[in-house]
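# Topology and contacts: notes
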Amino acid sequence: MSDVKVGIIGLGGMGSFHFGNLRGGKVRGANVTAVFDPNPARLAWAREQGIAADKCFDDRDVFLAKGGMDAVINATPHFFQPANAIAALQHGLHTLIEKPAGVYARQVHEMIAAAEQSKRIFAIMLNCRTLPVYRKMRELVQGGELGAIQRVNWVVTDWFRTQAYYDGGGWRATWAGEGGGVLLNQCPHQLDLLQWICGRPTRVHAFMTFGKYHNIEVEDDVTAYLEFPGGATGTFITTTGEAPGVNRFEIAGEFGRLLAEDGKLTFQRNRVSSAKRIRESKELSDKPECWKIDLTPSGTPESGHVQIIQNWVDAIVSGQELISPGTDGIHSLEMSNAMLLSGWTSQAVALPVDPERFYAELQAKIRESKSRKPKTAGTGTHKVAGFTG
């Protein structure tokens, strides 16, 4: 079979990064043959990189109809992911989207329905699923090595950002421009990994501050309490205003504790189940004997963008199972939607989140947003720099 012909929607930071990996031969069996971007400078850059002039488009619909691709990678701002993916899928194109899957669950459900109807290979760039430490954590948890999970804690506070970062564009850190703050921009990977490894929570109660450390209207400090099926509980804590910060993921179960921090994985393994010891011991304080084991797996601690694209191409060519199916993008988004809804209403929110309720609340925030971006409030339609979503 000849190489899969890939088109790229959006030649910004991530789009040009994927372009370079494909054109540089880092992905077997695929190459970039067409691009779409409304910015003439980016199209000129693509021509300099060897893309034929008649395969550089400033109109998305013309690109999808006449680009001659087999598949597309969508690397556009958050609001536009679902609409662009739906259009590509409806043109019969295999599709890979960047994270997050969108801004609100309603539009992502529509994208998933389009993907299921199209029968095309649909994936999302949840590249942290390729990291050896998290793959080993999933293997141990899913394989029952920890027994029943009791508690999950993830503190990821090493996202430090300055005011200059947020002042980089009038759209940034606004409800109308981005649809959220640290949860939507910095944390999609952690929220995805949390549910991928431990299972999806059934309820969240989040406490957050909007513009606590920065002059912004979205959240920059979050503490969320999580409830899981079977009685396990957890916390998810994040911010862009703390330094030096930490990234510590801890899972406690009846057979011990897993701790991922600084690229290392340790397992404190109980000799017997703590639940069994609680029930059966006649002593007042009789902790199980415990071993501390270094389980840091071998493997390249890279972010895995190339691995996800390669896996997607292999799924197109030979039916390989996807590491990160596009349909999985809804799970982390629902968690961030639920946390925001909880923060806005000061109430606990059940999962899966009510998509219409969240959408209505978000539209109210958009109408009040400081962003001066052109928008049509209440329709989910935004037009920015030529992208339509």
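Below is a summary of the structure that appears in this document. (Residues numbered from 1 in each chain as written. Predicted model: local features only at pLDDT ≥ 70, side-chain atom pairs only at ≥ 80, totals over all residues. Heavy atoms only, no water.)

### Looking at the nonpolar core
Core analysis: the largest hydrophobic core is formed by 77 residues, its most contacted members being Tyr134, Met137, Ile197, Phe236, Phe249, Ile251 and Met339. Of the residues forming this core, the biggest block, eight residues, is contributed by helix α12 (residues 329-345). Ignoring anything within four residues of it in the chain, the contact list for Ile251 reads Met137, Val141, Leu146, Ile149, Arg151, Val152, Ile197, Cys198, Gly256, Arg257 and Leu258. Val4, Leu11, Leu22 and Val313 belong to the second largest nonpolar core, which has 26 residues in total. (Core = buried A, V, L, I, M, F, W, Y, C linked by side-chain atoms within 4.5 Å. Buried < 20%, exposed > 50% of the residue type's maximum accessible area, 1.4 Å probe, protein only. Helix = DSSP H or I, 4+ residues; strand = E, 2+ residues; numbered from the N terminus. Contact = heavy atoms within 4.5 Å.)

### Focus: the packing of helix α1 (residues 13-23) against helix α11 (residues 305-318)
Closest axis-to-axis distance for the α1/α11 pair is 11 Å, and the angle between their directions is 65 degrees. Viewed along their axes, α1 and α11 adopt a mutual orientation that is roughly perpendicular. Remark: the crossing between α1 and α11 carries right-handed chirality. Two secondary-structure elements touch here, α1 through Met14, Phe17, His18, Asn21 and Leu22 and α11 through His305, Val306 and Ile309. Broken down by class, the residue content of the contact of α1 with α11 amounts to five nonpolar, three polar and no charged. (Axes fitted to C-alpha atoms, helices over the stretch in contact; angles between N-to-C directions. Parallel < 35°, antiparallel > 145°, perpendicular 65-115°, else oblique. Left-handed = near helix turned anticlockwise from the far one by under 90°. Nonpolar A, V, L, I, M, F, W, Y, C, P; charged D, E, K, R; others polar.)

### Observations regarding the layout of surface pockets
For the largest pocket, the calculated volume is near 1,000 Å³. Along the wall of the largest pocket there are 41 residues; nearest its centre are Met14, His78, Glu98, Lys99 and Asn185. Residue assignment for the lining of the largest pocket shows that the elements contributing at least two residues are α1 and α9 (188-198). Class assignment for the residues of the lining of the largest pocket results in 17 nonpolar, 15 polar and nine charged. Taken as a whole, the second largest pocket encloses approximately 290 Å³ of empty space. Looking at the second largest pocket, it is lined by 14 residues, and the ones nearest its centre are Val133, Tyr134, Asp262, Gly263 and Lys264. Listed by contribution, the elements that provide at least two residues to the lining of the second largest pocket are α6 (132-142) and β12 (256-261). Of all the elements, α6 adds the most residues to the lining of the second largest pocket, at three residues. (1 Å grid on protein atoms, 1.4 Å probe; cavity = no way out; pocket = protein on both sides within 12 Å on 5 of 7 lines; lining within 4 Å. Points joined across faces, edges and corners; volume = space filled by probe spheres on them.)

### Looking at the environment of Gln81
For Gln81, the location among the structural elements is in helix α4 (residues 81-90). In this structure Gln81 comes out as buried when scored by relative accessible area, which is 1%. Considered as a pair, Gln81 and Gln117 are 36 residues apart in the sequence and their alpha carbons are 18 Å apart. Not counting residues within four places of it along the chain, the set of residues in contact with Gln81 comprises Asn74, Thr76, Ile97, Glu98, Lys99, Pro100, Ala101 and Met111.

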